[in-house]
Amino acid sequence: MTDTTTTVKIERPRSQWRDVWDQFRHHKGAMVALVLLGLIAAFVFIGPLLWRIDPNFIESDPVKMIRLRNKGPTWDHPLGTDQLGRDMLARLMFGGKISLAVATVAMLVAIFIGTTVGVLAGYFRRVDGLLMRLTDMFLALPLLPLLLVMMFLFRDAAAAVLGPSLGTFLLIVLAIGVTSWMHAARIVRGEVLALKEREFVLAARSIGTPSLRIILRHILPNVLSPVLVAATLGIASAIITESVLSFLGLGFPPDFPTWGRLLFDGVDAMRTYPDRVVWPGVAISLTVLCVNYIGDGLRDALDPRVRGR
């Protein structure tokens, strides 16, 4: 008598995020942008651990300082020095760290405000009109002049309370975040209006589930896709906005460089030393381009109609 044993191999179901990654990695532009953005992040965050020159170091000896001023690329200073003899490579690394930190935190502030307003407006009909009119009012405001006024009025007060660096950082983050949430709010509101009529939400409501639990368990996880796309685009917008503020001289102080501040400092010598504006300009443009391509890839990967092809 023969005993035959049949082994059945049970395949685990594929997760949604695995499908998203498979779709995302087929987007060549997004993958190239992801690699480039990783290299930029390594340059600004890991680079200072290897290149240990102080970005704000100025030679105390006047004669040595004059000799170090406006030098071209050398082995000691691969990107040259500025008008005070400070190493441009170290300042580019340090400036990138600040610019990316400002953009990320400002994006988080904007996404938090936009998601909160969008969920409340889409789920609770009685506050929809008020919140959407508030959103329309912010959309109608000239944002750049508003940012300039906010920086002009509150920069000195914030610096006096928290210090020049931290005060300016928090003020710029809040100013960009408070003026950049509107598009995320409109996107989230549209998604919530459709989701709250779905069967699983109606079923949760019919058994007496509190509104807060429905929002946290059923609504927010299903609006994550458009929020992620809006977040990537928000980072690109925040980088440009911070660069504009610093370029206009209303950003960080001179001893706290960002890419926009480096552009501002290099404008006066742009004809004589064009590399002073080329390097920070390339860094800003390349970072924004990478973030936009990643956002484009996420939008396609998170769209089930595209992912099913």
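Just so we're clear, the structure is a prediction, and the values are computed from it rather than from any experiment.

Procedures and definitions
- Residues numbered from 1 in each chain as written.
- Predicted model: local features only at pLDDT ≥ 70, side-chain atom pairs only at ≥ 80, totals over all residues.
- Heavy atoms only, no water.
- Buried < 20%, exposed > 50% of the residue type's maximum accessible area, 1.4 Å probe, protein only.
- Helix = DSSP H or I, 4+ residues; strand = E, 2+ residues; numbered from the N terminus.
- Salt bridge = Lys/Arg side-chain N within 4 Å of Asp/Glu carboxyl O.
- Core = buried A, V, L, I, M, F, W, Y, C linked by side-chain atoms within 4.5 Å.
- Contact = heavy atoms within 4.5 Å.
- Axes fitted to C-alpha atoms, helices over the stretch in contact; angles between N-to-C directions.
- Left-handed = near helix turned anticlockwise from the far one by under 90°.
- Nonpolar A, V, L, I, M, F, W, Y, C, P; charged D, E, K, R; others polar.
- Expected span 1.5 Å × (residues − 1).
- Polar contact = N/O pair within 3.5 Å; in protein donor to acceptor, adjacent residues only side chain to side chain.
- Phe/Tyr/Trp six-rings, centres within 6.5 Å; stacked < 30°, edge-to-face > 60°.
- Lys NZ or Arg CZ within 6 Å of the ring centre and 35° of its normal.

Let's talk about helix H13 (residues 259-266)
A large share of H13 lies buried, amounting to 7 of its 8 residues. Listed in full, the buried residues belonging to H13 are Trp259, Gly260, Arg261, Leu262, Leu263, Asp265 and Gly266.

Brief notes about the pattern of salt bridges
Under the definition given, this model contains 7 salt bridges. Between aspartate 82 and arginine 91 there is a salt bridge, with its nearest N and O atoms 3.8 Å apart. By relative accessible area, which is 3% here, aspartate 82 ends up buried. Classification of arginine 91 by relative accessible area gives buried; the value is 1%. Of the charged contacts in the structure, one is a salt bridge between aspartate 265 and arginine 91, with a shortest N-O distance of 3.8 Å. Remark: arginine 91 occurs in helix H5 (residues 88-123) and aspartate 265 occurs in helix H13; sequence separation between them is 174 residues. This pair shows no difference in class: aspartate 265 is buried, exactly as arginine 91 is. Connected through salt bridges with shared partners, the residues Asp82, Arg86, Arg91, Arg261 and Asp265 form a single ionic network.

Quick notes on the nonpolar core
By size, the foremost hydrophobic cluster in this structure holds 54 residues, and its most contacted members are Val102 and Trp259. No other element matches the 13 residues that H5 contributes to this core. Filtering out sequence-adjacent residues up to four positions away, valine 102 remains in contact with Phe169, Ile172, Val173, Ile176, Glu242 and Phe252. Cys290, Leu298, Ala301 and Leu302 belong to the second-largest nonpolar core, a separate cluster that totals 10 residues.

Thoughts on the environment of valine 102
Here valine 102 shows up in helix H5. Since its relative accessible area comes to 0%, valine 102 is described here as buried.

Considering the packing of helix H6 (residues 125-140) against helix H9 (residues 182-195)
In a packed pair of helices, the relevant descriptors are the angle between the two axes and the axis-to-axis distance. Taken N-terminus to C-terminus, the directions of H6 and H9 make an angle of 145°; their axes are 9 Å apart at the nearest point. Where H6 crosses over H9, the handedness of that crossing is left-handed. On H9, the residues touching Asp128, Met132, Thr135, Asp136, Phe138 and Leu139 of H6 are Met182, His183, Arg186 and Arg189. When the residues that make up the contact of H6 with H9 are grouped by side-chain class, the tally is 4 nonpolar, 2 polar and 4 charged.

Comments concerning H5
Given 3.6 residues per helical turn, the α-helix brings residues three or four places apart onto the same face. Taking 1.5 Å per residue, 36 residues should reach 52 Å; H5 reaches 51 Å between its end C-alpha atoms and fits that length. Near the N-terminus of H5, the side chain that reaches the backbone nitrogen of leucine 89, with its oxygen 3.2 Å away, is that of aspartate 87.

Focus: the environment of glycine 167
Of note, glycine 167 is situated in helix H8 (residues 164-178). Look at glycine 167 and you get buried, because its relative accessible area is 1%. Here the alpha-carbon distance between glycine 167 and phenylalanine 256, two residues 89 residues apart in the chain, equals 12 Å. Other than its neighbours up to four places away in sequence, glycine 167 contacts Ala158, Ala159 and Leu162.

Examining the side chain of threonine 232
Along the polypeptide, threonine 232 turns up in helix H12 (residues 224-247). Here threonine 232 falls in the buried class, since its relative accessible area comes to 12%. Ignoring sequence-local partners within four residues, the contact set of threonine 232 consists of Val291, Gly295 and Leu298.

What about the packing of aromatic side chains?
Two aromatic rings, taken as a pair, are described by how far apart their centres are and by the angle between their planes. Applying the stated criterion across every chain yields a total of 2 aromatic pairs. Ring geometry for tyrosine 123 against phenylalanine 124: centres 5.0 Å apart, planes inclined by 80°, an arrangement best described as edge-to-face. The lysine or arginine in question, arginine 276, covers the ring of tyrosine 273, its NZ or CZ lying 4.8 Å from the ring centre.

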